[in-house]
Amino acid sequence: MAALVVRSVRDLLKRADCAKVPRRHRHKKKWAATEPKFPATRLALQNFDLTYSVQFGELWPSIRVSLLSEQKYGALVNNFGAWDHVSAELEQLNARDFVNKAHARGGQEPESSQTAAPSPASWACSPNLRCYTFTRGDVSRFPPARLGSLGVMDYYLMDAASLLPVLALGLQPGDTVLDLCAAPGGKTLALLQTGCCRHLAANDLSTSRTGRLQKILHSYVPQDIRDRSRVRVTSWDGRKWGELEGDTYDRVLVDVPCTTDRHSLHEEENNIFQRSRKKERQILPMLQVQLLAAGLLATKPGGHVVYSTCSLSHLQNEYVVQGAIELLANQYSIEVRVEDLTHFRELFMDTFSFFPSCQVGELVIPNLMANFGPMYLCKMCRLT
C-alpha cells in the first residue's frame, strides 16, 4: 500500500510539473549534445604528462613547454628549380644550410680520434640535399614558397628534423627505393631531391593522403621525373608489402603513422586522441611493428631500412624496432642489424637537440632554442 501511495504522488507531481510548461517548450535534455566535450588536445596533454614525465624525468618540463610553443621550420631547396639562386636568397635571410654545415663539420674532425670509426654504411648521408634553418634561438619565419622561374616551387617548408630519416637512409646512385607510408609527401620529395632514385615507389593506404602527395609532386617535380618509370604512387596496405614485393628494394623508408605528438597538442581536426579513436590509438604499436616488418621483408638482403616517427613514445619507437626484429627472426629466420647512428647524431647536434639516453636509434627532442621535432629514427641493415 505504501509503495502504491508513493507511486501515485510521483505521478501527480510529474503531471503538475508538466502542466506548468506548455508542451511546445518541453524537451528532454540531450547530454551528449549539451555537455561540453573534453578537447582531444587536452586529452593528449594529460596522456603525455602521465607517460613522458616518467620516460624523460627532469627533461619533460622543458620538452613540454617546447611542444606547446611554435615549432621551427626548415626550407628544403628544390633541386629541380634554380637552386643556386634560391640558396643565395635564403642566405640573405641569415639562414644556413644545416646539411652542408654538418658535412663541413664532419670533415674537420681530427683523424686521430680515440674512438673506433663507424662503418660507412651506418653514417653515410643521402647526397645533394640542401635545407636552410635559422640559428639556435632565432625564431624568424621563412616567407611562403613561390613558383620559380623554371615552373616549379622554389623550396618546401618542413620540420627540418623530418629530413634526418632521409639523410640517414644513405641513398646511393641507382638505388631502388620504397617510401612505405609516404603521404603527405615531404620525405618523398626529399628522396627525389637526392637524384639517386632509379625507381621510387611511394605508397600510402589513404587515397586522400596520396592525393596530397600527388599535388606536392606536381608542384615541385618536373613531368619527366614524375614519369611512372621513375616514380610510382600507390594506395596499398603497407603491411602486405613483403608479400607483394619481397626482397626488392635497396633502401626502404618506413615513416609510420603515430600519435604525431606536436599535432595532437595543437589541432582538434584528425586528432588521434579523440575519444572515438581510442582503440585505434591502442593498437598503433602493433600496426607499426607490422609496417616495419613489411618494410624489412621488402628490402634486399644487404639493403637498409630507416624507421621513423614524430612521437616521443618509446612504445612507438624502440619497442617497435625490437618487436619487428624479433618477428623477422622467429617467423622468417631473417637477421637484422641495428646500425649505430652515434656519428650521425654528432654531425647534426649543432642544429638539433638529441635525447642522450635513447637505447636504440636516435631521438630529436623539442627545445626552445632549437624547436624541431620530435623525430625518432633508427637505421637497420637486413643481413639475410
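Each value, and the rule that gives it
Residues numbered from 1 in each chain as written. Predicted model: local features only at pLDDT ≥ 70, side-chain atom pairs only at ≥ 80, totals over all residues. Heavy atoms only, no water. Axes fitted to C-alpha atoms, helices over the stretch in contact; angles between N-to-C directions. Helix = DSSP H or I, 4+ residues; strand = E, 2+ residues; numbered from the N terminus. Left-handed = near helix turned anticlockwise from the far one by under 90°. Contact = heavy atoms within 4.5 Å. Nonpolar A, V, L, I, M, F, W, Y, C, P; charged D, E, K, R; others polar. Buried < 20%, exposed > 50% of the residue type's maximum accessible area, 1.4 Å probe, protein only. Pairing = 2+ DSSP bridges.

(A) Quick look at the packing of helix α9 (residues 186-193) against helix α10 (residues 207-220). Look at α9 against α10: their axes get within 9 Å of each other, and the N-to-C directions meet at 35°. You can see that α9 and α10 cross each other, and the crossing is right-handed. Contacts between α9 and α10 pair Thr188, Leu189 and Leu192 from the former with Leu213, Ile216, Leu217 and Tyr220 from the latter. Here the residues of the contact of α9 with α10 sort into six nonpolar, one polar and no charged.

(B) Representation of the environment of leucine 93 in the model. By the element assignment, leucine 93 lies in the loop between α5 (83-92) and β2 (96-97). Looking at leucine 93, the relative accessible area reads 37%, which means it is partly exposed. With 47 residues separating them along the chain, leucine 93 and serine 140 place their C-alpha atoms 9.1 Å apart. In contact with leucine 93, other than residues within four places in its own chain, are Phe134, Phe142 and Pro143.

(C) Focus on the sheet that holds strand β1 (residues 74-77). With antiparallel pairing, the four strands of this open sheet are ordered in space as β2-β3-β1-β4. Each of the sheet's edge strands pairs with one partner strand only, and the pair in question is β2 and β4 (155-158). For β1 and strand β3 (residues 131-133), the ladder comprises two bridges, and the chain directions are antiparallel. Note that in β3 the partner of leucine 76 across the bridge is cysteine 131. This element, α5, spans β1, β2, β3 and β4 of the sheet and lies at about 160° to β1.

(D) Expanded view of unusual backbone geometry. For the peptide bond that leads from alanine 183 to proline 184, omega is 5°, which places it in the cis range. Inspection of the secondary structure puts proline 184 in the loop between β5 (175-179) and α9. Here the residue pair glycine 373 and proline 374 is connected by a cis peptide bond, since its omega of 10° sits within 30 degrees of zero. Along the chain, the position of proline 374 falls in the loop between β11 (362-364) and β12 (375-382). A positive phi angle is found at asparagine 128, which is not glycine, with a value near 70°. Tracing the backbone through its elements, the reader meets asparagine 128 in the loop between α7 (120-123) and β3. For asparagine 128, a relative accessible area of 47% gives the class partly exposed. Positive phi, close to 55°, is recorded for asparagine 270, a residue that is not glycine. Mapped onto the fold, asparagine 270 is located in the loop between α13 (261-266) and α14 (278-282).

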